[in-house]
Amino acid sequence: MIKLSELHLGVLSALGGLALLLASAHFAALPGQAYGAGTMPRLIGWCAILLGCFMVATSLKHLPAMLKPHLADWVRTPRLVLSAVACIAVIVFYILFAETLGFIPTTFISLLGLMLALRTGWLTALLASAATTLAVYYGFSRLLMVPLPRTEFLSFLG
């Protein structure tokens with residue numbers, strides 16, 4: 001894994017913020033509200049762009065050294081590399097299966113798999129995955145009214 005400098009991360013942060021702004025540009029406003037589904041993504045996008053610009057500006061004084069990426073120390077530890085791969089695998093799993101399985105099963109499986117990959121005990125992983133999945137589900141679907149991927153399998157949850 002390549003260790004990125006503040007300059008590299010600043011550019012990536014600004015580009016990510018720009019991508020977020022472009023992706024949320026067409027989100028519809030909520031009826032009767034001054035804000036809509038795109039409000040928070042746009043705010044986060046602008047913050048990421050500003051942070052990226054700040055990081056690039058402050059890193060310019062060390063420019064020659066920052067242009068050369070180098071390997072991070074943690075890459076030499078197989079367990080830490082496995083942990084990083086597990087995090088990426090969970091994100092890919094969620095993207096591929098959330099619409100098919102629904103939010104609750106996909107999130108539970110993702111959290112459980114990630115915790116077990118990071119060497120959490122079985123009982124702790126099961127309880128924490130279940131509690132976190134339900135808390136996030138009810139927080140987003142009921143309190144914030146965010147539509148989450150659903151499946152008929154768990155329709156009794158609301």
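In this text, all values refer to a predicted model and were calculated from it rather than measured experimentally.

Draft legend 1. Representation of the overall build of the protein. Along its length, the protein carries six helices and two strands. Taken across its 158 residues, the protein has 27% of its residues classed as buried. A separation threshold of at least 6 residues defines the contact pool for the protein, and within that pool the share at least 24 residues apart is 56%.

Draft legend 2. Spatial organisation of helix H2 (residues 39-59). A rise of 1.5 Å per residue sets the reference length of H2, with its 21 residues, at 30 Å; its end C-alpha atoms lie 30 Å apart and thus fit the reference within 8%. When we look at burial in H2, the residues that qualify are Pro-41, Gly-45, Ala-48, Ile-49, Gly-52, Met-55 and Ser-59. Looking down the long axis of H2, one finds its buried residues gathered within 130° of arc, a one-sided arrangement. When the buried face of H2 is taken as reference, the exposed residues oriented beyond 90 degrees from it are Leu-50, Phe-54 and Ala-57.

Draft legend 3. Structural detail: helix H6 (residues 122-143). Taking 1.5 Å per residue, 22 residues should reach 32 Å; H6 reaches 30 Å between its end C-alpha atoms and fits that length. Listed as buried for H6 are Ala-125, Ser-129, Thr-133, Tyr-137, Gly-139 and Ser-141. An end-on view of H6 places all buried positions within 165° of arc, on one side of the element. Within H6, the exposed residues directed more than 90 degrees away from the buried face are Leu-123, Leu-127, Ala-135 and Leu-143.

Draft legend 4. Region of interest: the layout of surface pockets. Put simply, the largest pocket is a space of about 430 Å³. Lining of the largest pocket is provided by 14 residues; of these, Leu-30, Gly-36, Ala-37, Leu-144 and Val-146 occupy positions nearest its centre. Contributing elements (two or more residues each) for the lining of the largest pocket: H2 and H6. Tallied by class, the residues present in the lining of the largest pocket amount to twelve nonpolar, two polar and no charged.

Draft legend 5. Seen up close, the side chain of Thr-107. By the element assignment, Thr-107 lies in helix H5 (residues 103-117). Relative accessible area serves as the criterion here: at 12%, Thr-107 is assigned to the buried category. Discounting residues that sit within four places of it in the chain, Thr-107 has contacts with Tyr-94 and Thr-133.

Parameters and conventions
Residues numbered from 1 in each chain as written. Predicted model: local features only at pLDDT ≥ 70, side-chain atom pairs only at ≥ 80, totals over all residues. Heavy atoms only, no water. Helix = DSSP H or I, 4+ residues; strand = E, 2+ residues; numbered from the N terminus. Buried < 20%, exposed > 50% of the residue type's maximum accessible area, 1.4 Å probe, protein only. Contact = heavy atoms within 4.5 Å. Expected span 1.5 Å × (residues − 1). Arc of directions from axis to C-beta. 1 Å grid on protein atoms, 1.4 Å probe; cavity = no way out; pocket = protein on both sides within 12 Å on 5 of 7 lines; lining within 4 Å. Points joined across faces, edges and corners; volume = space filled by probe spheres on them. Nonpolar A, V, L, I, M, F, W, Y, C, P; charged D, E, K, R; others polar.

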